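Fold and geometry: a report
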Amino acid sequence: MATTAQMTEAAVRRRAEEALARCRKLASFSEDQGSTRRTFLSPPIRDCHLEITRWLEPLGVAVRVDGAGNLRAIYPGTRPGALHLLIGSHLDTVPNAGAYDGALGVVLAVTLLEALDGRRLPFGIEIVGFSEEEGVRFGVPFIGSRALVGRLDEELLRLEDGRGISVREAIEDFGLNPAEIPRAALSGDALGYIEFHIEQGPVLEELGRPLAVVESIAGQSRIELTFLGHSNHAGTTPMNLRYDALAGAAEWIAAVENKARSVTDLVATVGKIDAKPGATNVIAGEVRLTLDVRHGGDEIRTQAVKNLVSQAQAIAARRGLTTRWKALLDQRAVPMDPFLIAAIERAITKSGASVHRMVSGAGHDAMILAEKIPASMFFLRTPGGVSHDPAESVAVDDVGKAIKCGLHLLDELASSPSIRERM
């Protein structure tokens, strides 16, 4: 039973290569021919469960699927009934997905158990493969992790997909019992949660760093804003007599970009525009837009939204237009656990990499579990910043670094006095 420090670079690389091959294998389980798509409790999710169970069987790990369809597998600690550390990510995907978003976090959890080579720790390790994180099938994300924090309620169970199948029915169709969902919730025996995830952005590549520790997951605001003017003939209405809603919207879109560029770490996106009547030869009388604003600091984010709404109103007034808006989402930023952040930073240093902290602009299961237990995340560099696309990739050397970091982290937690006090 070799320790983390005794693993050779060749052994680490072999495990990294196998991890990537396993991700590609999971990517072959799909609802679509020729591309990867796995939505909540679709048949390919069952294929993933069977494949991961096959990897875990030689380790003597008990595997089950909870009432929300999450794969749960516990590697026992040195003492019966010991507290356990959760490691995992999600198994569902977006349409036309890459092979590593979500899946890599589950695969690396399995890899860490294998690398322990039978060695037991003072705490157990529970692998979690969440059934749903992306929100593709039912329009609401985090169905899997909501179950672990007790927030998979009747209202959510009644949501329907495009075929009129409810979440409850999808669970039943998968052979599970919705009445068992409460048993999926975390109890007092969970030490914390660790998630490995590709960055899904270009920051680490730009910095030349393979790994980062996530210090918080950004808060997010979404609003829908409408500019209202007057439709008229495009050929006969002079420019000075127009009340062009689309021209006002265009000016505001530029203001959104300028605002985001002027505030450190703020990102703001107008992702959807609907202009009416939508004819080539008619001045737009109504334009509806969406705005997505994210930042690690809630006060900065909310002030930015207020400022952008004010700018829209000022643009409209100057152009003889009116505006209306409504909030669609107000998600607070979620800080990761300071103790685990510090432990991850030490693990990254021991692996020979430079420490870098960053805010995650995307939402992750870690933000849901952080409601109940200490949570933390590793980010792996994403070549080209490409994700949610078949071109998504990750370097084998970076995966090797992540494996070493994960093992160093487990060793550190195993020897931590504060962890041992809770045993």
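In this report, the structure presented in the accompanying data block is examined.

What counts, and where the lines are drawn
- Residues numbered from 1 in each chain as written.
- Predicted model: local features only at pLDDT ≥ 70, side-chain atom pairs only at ≥ 80, totals over all residues.
- Heavy atoms only, no water.
- 1 Å grid on protein atoms, 1.4 Å probe; cavity = no way out; pocket = protein on both sides within 12 Å on 5 of 7 lines; lining within 4 Å.
- Points joined across faces, edges and corners; volume = space filled by probe spheres on them.
- Helix = DSSP H or I, 4+ residues; strand = E, 2+ residues; numbered from the N terminus.
- Nonpolar A, V, L, I, M, F, W, Y, C, P; charged D, E, K, R; others polar.
- Expected span 1.5 Å × (residues − 1).
- Buried < 20%, exposed > 50% of the residue type's maximum accessible area, 1.4 Å probe, protein only.
- Arc of directions from axis to C-beta.
- Contact = heavy atoms within 4.5 Å.
- Polar contact = N/O pair within 3.5 Å; in protein donor to acceptor, adjacent residues only side chain to side chain.
- Phe/Tyr/Trp six-rings, centres within 6.5 Å; stacked < 30°, edge-to-face > 60°.
- Salt bridge = Lys/Arg side-chain N within 4 Å of Asp/Glu carboxyl O.
- Pairing = 2+ DSSP bridges.
- Axes fitted to C-alpha atoms, helices over the stretch in contact; angles between N-to-C directions.
- Parallel < 35°, antiparallel > 145°, perpendicular 65-115°, else oblique.
- Left-handed = near helix turned anticlockwise from the far one by under 90°.
- Right-handed = clockwise from strand over helix to strand, strands pointing away.

**Things to note about the layout of surface pockets**
Quantified by volume, the largest pocket comes out at close to 1400 Å³. Considering the residues around the largest pocket, the lining is formed by 47 residues, among which Gln220, Arg294, Gly361, Ala362 and Gly363 are closest to the centre. Secondary structure elements with two or more residues in the lining of the largest pocket: β6 (211-217), β7 (219-228), β8 (267-269), β10 (286-295), β11 (322-331), β13 (357-360) and α11 (365-369). Looking at the lining of the largest pocket, the element that brings in the most residues is β13, giving four residues. In terms of residue class, the lining of the largest pocket is built from 19 nonpolar, 15 polar and 13 charged. Of the voids in this model, the second largest pocket is the one considered here, and its volume is about 260 Å³. Contributing elements (two or more residues each) for the lining of the second largest pocket: α2 (43-56) and α6 (167-173).

**Things to note about helix α12 (residues 396-415)**
Its 20 residues give α12 an end-to-end C-alpha distance of 29 Å, which sits within 8% of 28 Å, the value for a rise of 1.5 Å per residue. Where burial is concerned, most of α12 is hidden: 16 out of the 20 residues are buried.

**Describing helix α8 (residues 245-262)**
Here α8 is 18 residues long and its end C-alpha atoms lie 26 Å apart, about the 26 Å a rise of 1.5 Å per residue gives. Turning to α8, its buried residues number three or more, namely Ala245, Gly248, Ala249, Trp252, Ala255, Val256 and Ala260. Down the axis of α8, the sector holding all buried residues measures 130°, keeping them to one side. Away from the buried face of α8 by more than 90 degrees, exposed residues Asn258, Arg261 and Ser262 are located. If you follow the buried residues of α8, they end up packed against β7, β8, β10 and α9 (298-319). Regarding α8, its N-cap is Asp244, as a side-chain oxygen of that residue lies 2.9 Å from the backbone nitrogen of Leu246 further along.

**Digging into the packing of aromatic side chains**
Between two aromatic rings, the relevant description is the distance of the centres plus the angle of the planes. Counting across every chain of the model gives four aromatic pairs. Geometrically, the ring pair formed by Phe40 and Phe138 is edge-to-face, given 6.0 Å between the ring centres and 75° between the ring planes. Here Phe40 is found in the loop between α1 (9-27) and α2, whereas its partner Phe138 is found in the loop between β4 (124-130) and α4 (143-148), with 98 residues between them in sequence. Assigned by exposure class, Phe40 and Phe138 land together as buried. An angle of 65° between the planes, with centres 6.1 Å apart, marks the rings of Phe130 and Tyr193 as edge-to-face. In this pair, Phe130 sits in strand β4 while Tyr193 sits in strand β5 (residues 190-198), placing the two residues 63 residues apart along the sequence.

**Concerning the pattern of salt bridges**
Across all of its chains, the model carries 33 salt bridges by this definition. The shortest N-O distance in the salt bridge between Glu9 and Lys404 comes to 2.8 Å. Of this pair, Glu9 sits in helix α1 while Lys404 sits in helix α12, placing them 395 residues apart in sequence. Among the residues examined, Glu9 registers a relative accessible area of 55% and is labelled exposed. A relative accessible area of 17% places Lys404 in the buried class.

**Side note on empty space enclosed by the protein**
Unoccupied space between atoms shows up once a probe the size of one water molecule is rolled over them. Inspection of every chain in the model, using the stated rule, returns one cavity of 30 Å³ or more. Around the largest cavity sit Cys23, Leu26, Ala27, Thr36, Arg38, Thr93, Gly98, Ala99, Tyr100, Asp101 and Ala103, which together line it. The element best represented in the lining of the largest cavity is α1, accounting for three residues. The residue inventory of the lining of the largest cavity, partitioned by class, reads six nonpolar, three polar and two charged.

**Thoughts on the pairing of β10**
Counting buried residues along β10, eight of its ten residues qualify, which places the element largely inside the surrounding structure. Relative to β10, β7 runs antiparallel, the two being bridged by ten bridges. In the sheet register, Thr226 faces β10, and the bridge partner there is Arg288. Sheet topology places β8 next to β10; three bridges connect them, and they run antiparallel. Opposite Thr269, over in β10, you have Asp292 as the bridge partner.

**Examining the packing of α1 against α12**
Here α1 crosses α12 at 110°, and the two axes come no closer than 8 Å. On the basis of the axis angle, α1 is roughly perpendicular to α12. The handedness of the crossing between α1 and α12 is right-handed. Across the interface between the two elements, Glu9, Val12, Arg13, Arg15, Ala16, Glu17, Ala19 and Leu20 of α1 pack against Val396, Asp397, Val399, Gly400, Ile403 and Lys404 of α12. Of the residues in the contact of α1 with α12, the class split is seven nonpolar, one polar and six charged.

**Considering the side chain of Asp398**
Take Asp398: it is sitting in helix α12. When its relative accessible area of 3% is taken as the criterion, Asp398 is described as buried.

**As for the pairing of strand β3 (residues 84-90)**
In terms of residue burial, β3 counts as a mostly covered element, since seven of its seven residues are buried. The two faces of β3 match: His84, Leu86, Gly88 and His90 on one face and Leu85, Ile87 and Ser89 on the other face are all buried. In this fold, the crossover linking β3 to β4 by way of helix α3 (residues 103-115) has right-handed handedness. Bridging between β3 and β5 involves four bridges; their strand directions are parallel. Considered in β5, the bridge of Leu85 is made with Gly192.

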